[in-house]
Amino acid sequence: MYQKYKNVEVVKPGGLELKDRLVGVQRVTKVTKGGRAFGFSAIVVVGDENGVVGHGLGKSKEVATAIAKAIEDAKKNLVRIPLNKGTLPHEQKGKYGGARVYIQPASHGTGVIAGGAVRAVLEAVGVHDVLSKSQGSSNPHNVVKATFDALLQLRGAQTVANQRGISLEKVFKG
C-alpha cells in the first residue's frame, strides 16, 4: 500500500495500545428490481498517539459491522510517522484525488488547528501542535488519504542525516 514512499516503517499491531476514531459513515444505496438496498461504508483512523497510525475502510449492511471491518482494515496498515516534541519535523503538502492538505509544525501550546478528517488523523498520530489547511475536495476518504500522503513524506532529522551521509549536527548547523 505504501510502496511509492521511501523510509516508511510498517508496524505490526501486536502490543500497541491503539485508539480508533470514526471519521465518517456514509449510507450507500443500490437500486435493484426489488427496490432499494441500503448499505453503509465507514472510514476509521487508528493510532497509538505516539507516532503510529493507520486508516481503514469497512462496508456492510449494518453500521456496527462496517465500523468493525474498518478498524480491522486500519490495523492491517499501520505506519510510523516521525514526530518532534509533539509536533511535525517540517511542513508538508499532501494530495490524493481532488483533496489537497497542507500541514505545518506549530509552537508549543498552539493545539491542533485542523478540520474534521485531518484532525482525526493528526490526533491519532499524537501531534499536539500543528497548523493545517485542507483545500479542494472535502470528501473524508480523500482527505484522510491526502493527510496520510503528507505524513508519509515527512522525514526526521536522523533520516535526513543518513540520506545525505553527514552527521546530525551538520544537518542543523550547515
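Just so you know, these numbers come straight off a predicted model, no measurement behind them. (Residues numbered from 1 in each chain as written. Predicted model: local features only at pLDDT ≥ 70, side-chain atom pairs only at ≥ 80, totals over all residues. Heavy atoms only, no water.)

Help me understand a nonpolar patch on the surface, please; the structure alone is not making it clear to me.
There is a patch of nonpolar side chains on the surface, built from L22, V25 and V63 and spanning about 210 Å² of accessible area. Inspection of the secondary structure puts L22 in strand β2 (residues 19-32). (Patch = residues over 30% accessible without salt bridge, like charges linked within 9 Å, V, L, I, M, F, W, Y side chains within 5 Å. Areas by Shrake-Rupley, 256 points an atom, 1.4 Å probe, with all protein chains shown as cover. Salt bridge = Lys/Arg side-chain N within 4 Å of Asp/Glu carboxyl O. Helix = DSSP H or I, 4+ residues; strand = E, 2+ residues; numbered from the N terminus.)

Explain the packing of helix α2 (residues 116-125) against helix α3 (residues 140-152) to me, please; I cannot follow it from the model alone.
Think of two packed helices as two axes; the pair is described by the angle between the axes and how far apart they sit. At a closest axis distance of 8 Å, the pairing of α2 and α3 adopts a crossing angle of 40°. On the basis of the axis angle, α2 is oblique to α3. Where α2 crosses over α3, the two elements pack in a sense that is right-handed. Contacts from A117, V118, V121, L122 and V125 of α2 reach α3 at P140, V143, V144, T147, F148 and L151. Considered class by class, the residues forming the contact of α2 with α3 number 10 nonpolar, one polar and no charged. (Axes fitted to C-alpha atoms, helices over the stretch in contact; angles between N-to-C directions. Parallel < 35°, antiparallel > 145°, perpendicular 65-115°, else oblique. Left-handed = near helix turned anticlockwise from the far one by under 90°. Contact = heavy atoms within 4.5 Å. Nonpolar A, V, L, I, M, F, W, Y, C, P; charged D, E, K, R; others polar.)

Looking at this model, I keep getting lost on the side chain of N142. Mind explaining?
Mapped onto the fold, N142 is located in helix α3. When neighbours within four sequence positions are excluded, N142 is seen to be in contact with Y96, G97, G98, A99 and S137.

Help me out: how do you make sense of α3 in this one?
It helps to recall that an α-helix has 3.6 residues per turn; residues three or four apart then point in one direction. With 13 residues, α3 extends 18 Å from end C-alpha to end C-alpha; this agrees with the ideal 18 Å at 1.5 Å per step. Across the 13 residues that make up α3, a large majority, 12, are buried. Listed as buried for α3 are P140, H141, N142, V143, V144, A146, T147, F148, D149, A150, L151 and L152. The N-terminus of α3 is capped by N139, whose side-chain oxygen sits 3.1 Å from the backbone nitrogen of H141. (Expected span 1.5 Å × (residues − 1). Buried < 20%, exposed > 50% of the residue type's maximum accessible area, 1.4 Å probe, protein only. Polar contact = N/O pair within 3.5 Å; in protein donor to acceptor, adjacent residues only side chain to side chain.)

Help me understand the side chain of Q92, please; the structure alone is not making it clear to me.
Mapped onto the elements, Q92 comes out in strand β6 (residues 92-96). According to the relative accessible area criterion, Q92 is buried, its value standing at 15%. Reaching out from Q92, the side chain makes a polar contact with the side chain of Q153 at a distance of 2.9 Å. When neighbours within four sequence positions are excluded, Q92 is seen to be in contact with V101, Y102, I103, A150, Q153 and L154.

Which parts of the structure should I look at to understand the pairing of β2?
The side chains of a regular strand alternate between both faces of the sheet. Summarising the sheet, β2 and strand β3 (residues 35-47) pair through 13 bridges and their orientation is antiparallel. Its bridge partner being in β3, T29 is matched across the sheet by F38. In sequence, β2 turns back onto β3 through a hairpin of two residues. (Pairing = 2+ DSSP bridges.)

Keep in mind these values describe shape, not function.
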